[in-house]
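Descriptive analysis of the structure
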Amino acid sequence: MRVRNLTVALGGRPVIRRVDLTVRPGELVTVLGGNGSGKSTLVRAALGLVPATSGRVELLGTPLHRFRDWVRIGYVPQRSTAASGVPATVREVVAAGRLAGRGLLRPLRRRDRAAIDAALVAVDLADRHRDPVAELSGGQQQRVLVARSLVSDPDLLVLDEPLAGVDLAHQDTLSALLAEQTARGVALVLVAHELGPLARHVDRAVVLVDGRVAFDGTPDEEATAFGHDHVHHHVAGPGDAVPGIPHPLPATRPGTPR
Amino acid sequence: MLSYEFMQRALLAALATGLTAPAIGTYLVQKRLGLLGDGIGHIALTGVALGLLTGWAPLVTAIVVSVAGAAAIETLRLRGRTSGDVALALFFYGGIAGGVLLTGIAGSSAATLNRYLFGSITTVSDSDLLLVSGLAAVVLAVSVGLAPQFFAVCQDEEHARVSGLPVAVYSVLIAVLAAITVTVAMRTVGLLLVSALMVVPVATAQQVTRSFRATLSLAMALGVLASLSGVWASFQADTAPGPTIVLLALAGFAVAAPLGGMLRRHRRVRAPFDDSGTVEPHEHEVDHPHQHGPGCGHRAVVHGDHVDYVHDGHRHVPHEGHYDEH
């Protein structure tokens with residue numbers, strides 16, 4: 001995925017400003033940034049879900065406006081739930097990920113079923129495949145969406161906050177799973193607030209601040225540059241005191257024996 | 001009853017409505033646009049009035065106007081200028097105001113309008129029936145044949161777009177099919193009640209179903225059941241067919257809702273306990289006079305390699321002459 005000089009305006013307000021982003025095969029790149037920094041808008045524009053004001057996007061070597069090979073792309077949108085107004089089983093939702101390569105009026109083939117089974121095993125939900133997604137917890141639903149993105153065996157994976165609400169044990173499982181994808185040569189773009197267990201698999205981190213790239217480099221450099229970008233003040237005098245907090249604060253930390 | 005020709009036609013029209021309305025209604029409910037059918041019903045009223053005014057067949061003008069209206073609602077929603085419910089409201093009130101205004105100009109009586117508002121299934125003519133069944137067949141074929149695509153679009157529009165599906169085309173197609181269904185159902189249950197047959201059987205079905213496919217099939221079966229039994233009951237009790245059908249469908253929901261609650265509870269109680277996260281060891285209950293075993297009256301639930309007995313809100317497992325508490 002290559003993004004060149006991309007600018008996106010939503011409702012006349014620039015949200016992404018002249019951003020460059022390149023993700024090569026086998027590379028795991030995270031897009032980091034605070035709420036409203038434009039992370040989601042960047043990947044949504046790169047996939048054509050939001051119109052770009054200017055700039056160029058190439059997906060798998062083809063300009064976005066001519067790109068038709070959607071079966072090679074896996075996408076996890078930012079979602080709080082995988083459920084809709086009608087019950088649907090985990091399996092039915094994951095099967096929707098196979099649709100791109102299926103064509104009209106074609107039933108699921110054995111190959112499709114095998115891919116669905118494999119994706120369900122990969123996210124550790126094989127035993128829940130007949131349960132309605134609405135009965136799953138938020139983190140389990142997130143794993144359903146990851147399975148749906150993997151099921152078409154994509155070459156480019158774009159995941160928007162796939163670890164939100166996922167417990168630590170399964171963050172580990174999912175991180176290993178994503179690392180496996182990059183090892184197979186999949187290009188992977190991941191939007192996140194924080195990396196957690198994923199940090200050690202990340203090749204490059206891109207930090208967006210206010211719609212601009214503030215940093216592009218390895219996660220270690222990122223930690224040096226941004227991990228301590230603000231200074232923790234000690235309450236020094238009455239002028240710094242926080243209302244409602246007794247001042248000065250006791251000189252002991254919780255748990256310290258007095 | 002079947003010896004009357006008008007009743008044969010009525011039953012066939014009811015069958016068409018009972019099958020198509022829940023089929024397309026399932027997708028509308030999935031998109032959380034359950035009231036789209038109601039909005040289109042009001043737009044169709046303008047179409048009917050246009051027919052009364054010009055002397056063309058009201059069924060045909062209703063189809064044309066409601067298809068155009070449905071496509072306009074979806075386009076407005078997809079452009080993102082207004083939310084789905086606001087787009088609906090705009091057309092909803094425009095449709096009913098236009099309908100009443102045009103009927104007044106045409107000089108038609110309120111009784112004429114009532115035939116379309118609440119249905120008059122017993123006055124269905126042979127040519128009406130032919131048109132209605134033809135349209136119903138088209139709606140059914142498309143909404144069942146394109147089920148995987150419609151499912152994906154209604155479940156998650158963004159993901160469907162990244163799957164390469166022409167989401168706008170499918171969304172407008174669903175709205176247009178809904179508009180055709182409204183006009184199909186116009187003579188059976190009427191424009192004001194058509195949305196009930198799109199939503200109520202789906203709501204009833206999902207009380208007991210777990211998958212989309214089962215919900216779709218059961219909703220269609222329930223729609224047919226309500227429509228046919230409604231026509232039969234209205235013939236026996238000499239009531240208006242449209243409201244009878246809708247009230248029967250609602251009665252079905254009233255029965256299914258508590259049934260679904262019981263069923264879900266039953267499934268929860270029977271589900272095996274997850275073995276991976278159990279904290280061992282646990283408390284012992286030493287003086288437990290009761291001997292747990294098959295048929296002991298406490299529910300046995302599988303837990304990993306053994307069986308727990310659910311006992312006053314906690315779990316007992318026999319262990320070396322005493323019971324462990326899980």
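Positions within a chain are numbered from 1, following the residues in the order the chain's sequence is written. As a convention, the first chain written is A and the first ligand written is 1, with the rest following in written order. For a predicted model such as this one, the threshold for reporting local features is a pLDDT of at least 70, and the threshold for listing and counting side-chain atom pairs is 80 or more; totals across whole chains, interfaces and linings nevertheless cover every residue.

Broken down by element type, chain A carries six helices and ten strands. Across the 258 residues that make up chain A, the buried fraction comes to 40%. Sequence-distant contacts in chain A: of pairs separated by 6 or more residues, those separated by 24 or more amount to 68%. Put simply, DSSP marks the helices as runs of H or I at least four residues long and the strands as runs of E at least two long, and each gets a number from the N terminus on. For every residue, the other C-beta atoms within 10 Å of its own C-beta are counted; 20 or more classify it as buried, 12 or fewer as exposed, and values in between as partly exposed. C-beta atoms are placed from the backbone. Each residue gets a C-beta atom placed from its backbone, and two residues are in contact if those atoms lie within 7 Å.

Helix and strand counts for chain B stand at twelve helices and five strands. Radius of gyration means the value over C-alpha atoms here, while the globule rule gives 2.2 Å times the residue count to the 0.38 power. Compactness check: chain B gives a C-alpha radius of gyration of 26 Å against a globular reference of 20 Å for 326 residues, more than 25% above the reference. Structurally, chain B occupies a C-alpha span of about 90 × 50 × 30 Å along its principal axes. Counting only residues that meet the buried cut, chain B has 46% of its 326 residues in that class. Across chain B, the fraction of contacts at a sequence separation of at least 24, relative to all contacts at a separation of at least 6, is 72%.

What follows concerns the confidence of the model for chain A. Residue and element names in this part refer to chain A. Residues of chain A with pLDDT of at least 70 account for 85%, and the chain-wide mean is 82. The least confident element of chain A is helix H6 (residues 219-226), whose mean pLDDT is 64; the most confident is helix H2 (residues 90-95), at 94. For residues 228-248, every residue scores under 50 in pLDDT, and the model assigns this stretch eight contacts once sequence neighbours within four places are set aside. Per-residue confidence from the predictor is reported as pLDDT, a score between 0 and 100.

The source of the domain bounds is an automatic or database domain assignment. Under the domain assignment, chain B is made up of domain 1 (5-252) and domain 2 (284-325). The straight-line distance from the C-alpha centre of domain 1 of chain B to that of domain 2 of chain B is 55 Å.

Right, let's talk about the sheet that holds strand S5 (residues 62-63) of chain A for a bit. Across a sheet, paired strands are connected by hydrogen bonds in the backbone, their directions being either parallel or antiparallel. All names here are of chain A. Reading across the sheet, the four strands line up as S2-S1-S4-S5 and stay open at both edges, with antiparallel pairing between neighbours. The strands lining the two open edges of the sheet, one partner per strand, are strand S2 (13-22) and S5. Pairing analysis gives two bridges linking strand S4 (residues 54-59) to S5, with the strands arranged antiparallel. Following the sheet pairing, Glu 58 is matched in S5 by Pro 63. Strands qualify as paired when DSSP identifies two bridges or more between them.

This part covers the sheet that holds strand S3 (residues 28-32) of chain A. Residue and element names in this part refer to chain A. Read across the sheet, six strands follow the order S6-S7-S8-S3-S9-S10 without closing on themselves; strand pairing throughout is mixed. Looking along the sheet, the strands with just one partner apiece sit at the ends: strand S6 (73-76) and strand S10 (212-217). The mean inter-strand angle of the sheet, taken between neighbouring strand axes irrespective of direction, is 15°. Of the pairings in the sheet, the one linking strand S7 (residues 156-160) to strand S8 (residues 187-192) comprises five bridges and is parallel in character. What sits directly across from Asp 160, in S8, is Val 191. Lines fitted to the C-alpha atoms define the axes, with helices restricted to the stretch that makes contact. Angles between their N-to-C directions range from 0 to 180 degrees.

Glancing now at the nonpolar core. Residues enter a nonpolar core if they are buried, belong to Ala, Val, Leu, Ile, Met, Phe, Trp, Tyr or Cys, and are joined to the set through C-beta atoms within 7 Å. Ala147(A) and Ala178(B) are the most contacted members of the largest nonpolar core, which has 158 residues in total. Considering each element in turn, this core owes the most residues, 14 residues, to helix H9 (residues 167-186) of chain B. Apart from the residues within four sequence positions on either side, Ala178(B) is in contact with Ile24(B), Leu28(B), Leu36(B), Gly37(B), Ile40(B) and Ala70(B).

Residues and elements named next belong to chain B. Relative to the elements of secondary structure, Leu 11 occurs in helix H1 (residues 5-30). Each C-alpha atom, one on Leu 11 and one on Tyr 309, is 53 Å from the other, the two residues being 298 residues apart in sequence. Sequence-distant contacts of Leu 11, defined by excluding residues within four places in its chain, comprise Leu 228 and Val 231.

The element helix H7 (residues 147-155) of chain B is extensively covered by neighbouring structure, given that eight of its nine residues are classed as buried. Among all positions in H7(B), only Pro148(B), Gln149(B), Phe150(B), Phe151(B), Ala152(B), Val153(B), Cys154(B) and Gln155(B) are buried. On its buried face, H7(B) sits against H2 of chain A together with H1, helix H6 (126-145), helix H8 (157-162), H9 and helix H11 (212-237) of chain B.

A few words now on the interface of chain A and chain B. Residue-level contacts link 22 residues of chain A with 27 residues of chain B. Of all the secondary structure elements, the ones that give two or more residues to the side of chain A that touches chain B are S6 and H2 of chain A. Charged residues are taken to be Asp, Glu, Lys and Arg, nonpolar residues to be Ala, Val, Leu, Ile, Met, Phe, Trp, Tyr, Cys and Pro, and polar residues to be all remaining types, Gly included. A per-class count over the side of chain A that touches chain B returns 15 nonpolar, three polar and four charged.

All right, on to the environment of Gln30(B) then. Residue placement: Gln30(B) occurs in helix H1. Among the residues examined, Gln30(B) registers 25 C-beta atoms within 10 Å and is labelled buried. Note: C-alpha distance between Gln30(B) and Phe212(B) (182 residues apart in sequence) is 9.3 Å. Here Gln30(B) is in contact with Ser84(A), Gly85(A), Val86(A), Cys154(B) and Gln155(B), once residues within four sequence places are set aside.

So, on to the pairing of strand S2 (residues 299-303) of chain B. As defined by bridge partners, S2(B) adjoins strand S3 (residues 306-311) of chain B across five bridges and the pair is classed as antiparallel. Following the sheet pairing, His303(B) is matched in S3(B) by His306(B).

Let's shift gears to the pairing of S4(A). Pairing of strand S1 (residues 2-10) of chain A with S4(A), which is carried by four bridges, proceeds in the antiparallel orientation. Residue Thr7(A) lies in a different strand from S4(A), and its bridge partner there is Ser54(A).

Even without being a glycine, Asn5(A) presents a positive backbone phi close to 55°. Mapped onto the elements, Asn5(A) comes out in strand S1.

Moving on: the environment of Gly211(A). Residue and element names in this part refer to chain A. Looking at where Gly 211 falls in the secondary structure, it is placed in the loop between strand S9 (204-209) and S10. On the basis of neighbour counts, which here come to 22 C-beta atoms within 10 Å, the residue Gly 211 falls in the buried class. Taking the C-alpha atoms as reference, Gly 211 lies 19 Å from Pro 77; in sequence the two are 134 residues apart. If we ignore the near neighbours within four places in the chain, the residues touching Gly 211 are Pro 14, Val 15, Ile 16, Arg 17, Ser 37 and Gly 38.

To continue, consider the packing of H1(B) against H11(B). Residues and elements named next belong to chain B. Relative orientation of the contacting elements H1 and H11 amounts to 150°, with a least axis distance of 8 Å. Considering the angle they form, H1 stands roughly antiparallel to H11. Every pair of crossing elements has a handedness; the one defined by H1 and H11 is right-handed. Of the residues belonging to the contact of H1 with H11, the class tally is 18 nonpolar, seven polar and no charged. Throughout this description, any angle smaller than 35 degrees is read as roughly parallel, any larger than 145 degrees as roughly antiparallel, any in the 65 to 115 degree range as roughly perpendicular, and the remainder as oblique. Helix crossings fall into two classes, left-handed where the near helix is turned counterclockwise from the far one by less than a right angle and right-handed where it is turned clockwise.

Residue and element names in this part refer to chain B. Where H1 contacts H9, the axes come no closer than 9 Å and their chain directions differ by 150°. Regarding the angle of H1 to H9, the classification is roughly antiparallel. As H1 packs across H9, the resulting crossing turns out to be left-handed. Two secondary-structure elements touch here, H1 through Ala 16, Thr 17, Thr 20, Ala 21, Ile 24, Tyr 27 and Leu 28 and H9 through Ile 174, Leu 177, Ala 178, Thr 181, Val 184 and Ala 185. Per-class residue counts for the contact of H1 with H9 are ten nonpolar, three polar and no charged.

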